[in-house]
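# Architecture at a glance
Residues per chain are reported as follows:
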Amino acid sequence: MNTLLLASALFAGLLGSLAAAPAPAPAPGPYHAFCRSLWLFATPCAEISTTLLQQITAFDTLVGCAECQYKLVAALPQSILANHTSPDGLQTETITFTFRPTALTGGCRVSGLSSSLGFTTLLDGGLNYCNLFNLLSASGLTSAPGYMEMTNEWACLGYGLATCKA
Ligand SMILES: *[C@@H]1O[C@H](CO)[C@@H](O)[C@H](O)[C@H]1NC(C)=O
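Residues numbered from 1 in each chain as written. Predicted model: local features only at pLDDT ≥ 70, side-chain atom pairs only at ≥ 80, totals over all residues. Heavy atoms only, no water.

## Looking at the site of the ligand
Within the structure, the ligand sits among Lys 71, Leu 72, Val 73, Asn 83 and Leu 117. With respect to the ligand, the side chain of Asn 83 contributes an N or O atom lying 2.3 Å from an oxygen atom. Calculation on the ligand without its partners gives an accessible area of 360 Å², and the protein chains cover 41% of this total. Here the shell around the ligand gets 3 residues from one element, more than from any other, and that element is strand S2 (residues 70-76). When grouped by side-chain class, the residues that make up the shell around the ligand number 3 nonpolar, 1 polar and 1 charged. (Near = heavy atom within 4 Å. Polar contact = N/O pair within 3.5 Å; in protein donor to acceptor, adjacent residues only side chain to side chain. Areas by Shrake-Rupley, 256 points an atom, 1.4 Å probe, with all protein chains shown as cover. Helix = DSSP H or I, 4+ residues; strand = E, 2+ residues; numbered from the N terminus. Nonpolar A, V, L, I, M, F, W, Y, C, P; charged D, E, K, R; others polar.)

Below, the structure written as structure tokens:
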């Protein structure tokens, strides 16, 4: 219940800040672009991590999808590490998902981080956000029970502007 209350508070704050400031202020680049996000699910972590792992493997063997170039680096009990190569083939981003059971509810709290290895300009076109979101969306996790996404433009570059293609 506490988690849900906190989640709704964060979510309301996020909507408020988006309404107040629709465009992120331009800042000087270059730097390492990244996106950090949290997701809540009503299903156990084992189920969520298995689904994500299967999706990374499925994308890895999929031919003809420029946005789907993922390589599994490690699957650990509480985290999954992967690499993603950008559609232009020139940039690599490292991806980490970490899974924590939610107390009492038997659900899962997933934190995700995608960060560009190279220096990029501030606007990554939502690349790092989409690296994470595409996996959740293609695997159907975005319509899983209890799904809730919590991030904002400070934690996740391009969030709110990104149109993810995969
Ligand atoms: C992931 O990316 C890192 C950094 O470029 C590289 O050292 C590593 O070999 C890559 N791993 C895989 C499995 O592609």
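## Thoughts on the packing of helix H2 (residues 45-60) against helix H3 (residues 127-138)
The contact between H2 and H3 brings their axes to 9 Å, and the two run at 105°. When the axes of H2 and H3 are compared, the pair comes out roughly perpendicular. Along its contact with H2, which presents Leu 52, Gln 55, Ile 56 and Phe 59, the element H3 presents Asn 134, Leu 135, Leu 136 and Ala 138. Its residues placed into classes, the contact of H2 with H3 shows 6 nonpolar, 2 polar and no charged. (Axes fitted to C-alpha atoms, helices over the stretch in contact; angles between N-to-C directions. Parallel < 35°, antiparallel > 145°, perpendicular 65-115°, else oblique. Contact = heavy atoms within 4.5 Å.)

## Considerations on H3
Over its 12 residues, H3 extends 16 Å from the first C-alpha to the last, a length consistent with the 16 Å expected when each residue adds 1.5 Å. Counting buried residues in H3 gives 9 out of 12 residues, a clear majority hidden from the surface. Those residues of H3 that fall on the buried side of the exposure criterion are Leu 127, Asn 128, Tyr 129, Cys 130, Asn 131, Leu 132, Asn 134, Leu 135 and Leu 136. Where H3 terminates, the next one or two residues include Gly 140, which has phi positive at roughly 85°. (Expected span 1.5 Å × (residues − 1). Buried < 20%, exposed > 50% of the residue type's maximum accessible area, 1.4 Å probe, protein only.)

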